[in-house]
Amino acid sequence: MIAALRFAFAALVAVGEGLLWALLALRILGQGTRHLADGRKALGAGALTCPAGHEVDLAGFHECSACGFVSDEPGAALFCPNPYCEAPVAPYVTCECGRSVVNPAARVVP
Ligand SMILES: [Zn+2]
Ligand SMILES: [Zn+2]
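A. Quick look at the coordination of the zinc ion (ligand 2). Ligation of the zinc ion (ligand 2) by protein atoms is provided by Cys50 (SG), His54 (ND1), Cys95 (SG) and Cys97 (SG), these donors lying 2.0 to 2.3 Å from the ion. Around the zinc ion (ligand 2) sit four donor atoms, and with donor-metal-donor angles ranging over 101 to 119° the site reads as tetrahedral. Spacing between the donor residues of the zinc ion (ligand 2) along their common chain follows C-x3-H-x40-C-x1-C.

Shown next as structure tokens:
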């Protein structure tokens, strides 16, 4: 009887742990997609603004700082279109004046 109870308790703990991990994975996924959405919103809103007030031009050719992939697809400055890229979200883009501007989609998750 006690052995059965112990088994039931162990099973309960295992299920609870599994649920916790699933929740954690979901939360990480949710944060990832929210950041992507933030970035696309910034993109859709027209542009990023550099500290000196310039509008950062996101059109034209961009080279991914992580994998070196070069593309002129819309948004390529913020998101590398290479499906094999290990860091597809650029941490920052560089304004024509030389200043770096943080990519709103790349905010660091603590
Ligand atoms: Zn890349
Ligand atoms: Zn600038």
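B. Expanded view of the coordination of the zinc ion (ligand 1). Ligation of the zinc ion (ligand 1) by protein atoms is provided by Cys64 (SG), Cys67 (SG), Cys80 (SG) and Cys85 (SG), these donors lying 2.2 to 2.4 Å from the ion. Each donor residue of the zinc ion (ligand 1) belongs to the same chain, and together they define the spacing C-x2-C-x12-C-x4-C. Pair noted here: Cys67 is in the loop between strand E3 (62-63) and strand E4 (70-71) and Cys80 is in the loop between E4 and strand E5 (92-94), with a separation of 13 residues, a long-range link. The class for Cys80 is buried, based on a relative accessible area of 10%.

C. The side chain of His62, seen in detail. One can find His62 in strand E3. Polar contacts involving the side chain of His62 include one to the main-chain carbonyl oxygen of Leu58, which spans 3.3 Å. Looking at His62, its side chain comes within polar contact range of the main-chain oxygen of Ala59, at 3.4 Å.

D. Up close: the environment of Phe69. In this structure, Phe69 sits in the loop between E3 and E4. Between the C-alpha atoms of Phe69 and Pro88, which are 19 residues apart in sequence, the distance is 10.0 Å. With near-sequence residues (within four places) excluded, Phe69 lies in contact with His62, Glu63, Cys64, Cys80, Pro81 and Asn82.

E. Geometry of the nonpolar core. Formed by Leu48, Cys50, Val56, Leu58, Ala77, Leu78, Phe79, Val93, Cys95, Val101 and Ala105, the largest nonpolar core amounts to 11 residues. With near-sequence residues (within four places) excluded, Val56 lies in contact with Ala47, Leu48, Thr49, Cys50, Val93, Thr94, Cys95 and Val101.

F. Structural detail: the environment of Tyr84. Looking at where Tyr84 falls in the secondary structure, it is placed in the loop between E4 and E5. Linking Tyr84 and Phe69, residues 15 residues apart in sequence, is a C-alpha distance of 10.0 Å.

Calculation notes
- Starting from 1, residues in each chain are numbered consecutively following that chain's sequence as written.
- By the order in which they are written, chains take letters starting at A while ligands take numbers starting at 1.
- The model is predicted, so local features are restricted to residues of pLDDT at least 70 and side-chain atom pairs to those at 80 or more, both for listing and for counting; the totals for chains, interfaces and linings are taken over all residues.
- The basis for every side-chain value is the complete set of heavy atoms in the structure, and neither hydrogens nor water enter the calculation.
- Water is not part of the atom set, so a site may look incomplete; the donors themselves are N, O and S atoms within 2.8 Å of the metal, or 3.2 Å for Na, K and Ca.
- Only two sets of limits are used to name each site, 85 to 135 degrees for every angle of a tetrahedral four-donor site, and over 155 degrees for opposite donors with all other angles from 65 to 115 for a square planar four-donor or octahedral six-donor site, with any other site named irregular.
- Segments assigned H or I by DSSP are reported as helices when at least four residues long, segments assigned E as strands when at least two residues long, and all are numbered from the N terminus.
- Burial classes follow relative accessibility: with a 1.4 Å probe on protein chains only, a residue under 20% of its type's maximum area counts as buried, one over 50% as exposed, and anything between as partly exposed.
- Under the rule applied, a polar contact is a pair of N or O atoms within 3.5 Å (in protein, one hydrogen donor and one hydrogen acceptor; residues adjacent in sequence only if both atoms are side-chain atoms).
- Two residues form a contact once any of their heavy atoms are found within 4.5 Å.
- We call a set of buried residues a nonpolar core when its members are Ala, Val, Leu, Ile, Met, Phe, Trp, Tyr or Cys and they connect through side-chain atoms within 4.5 Å of each other.

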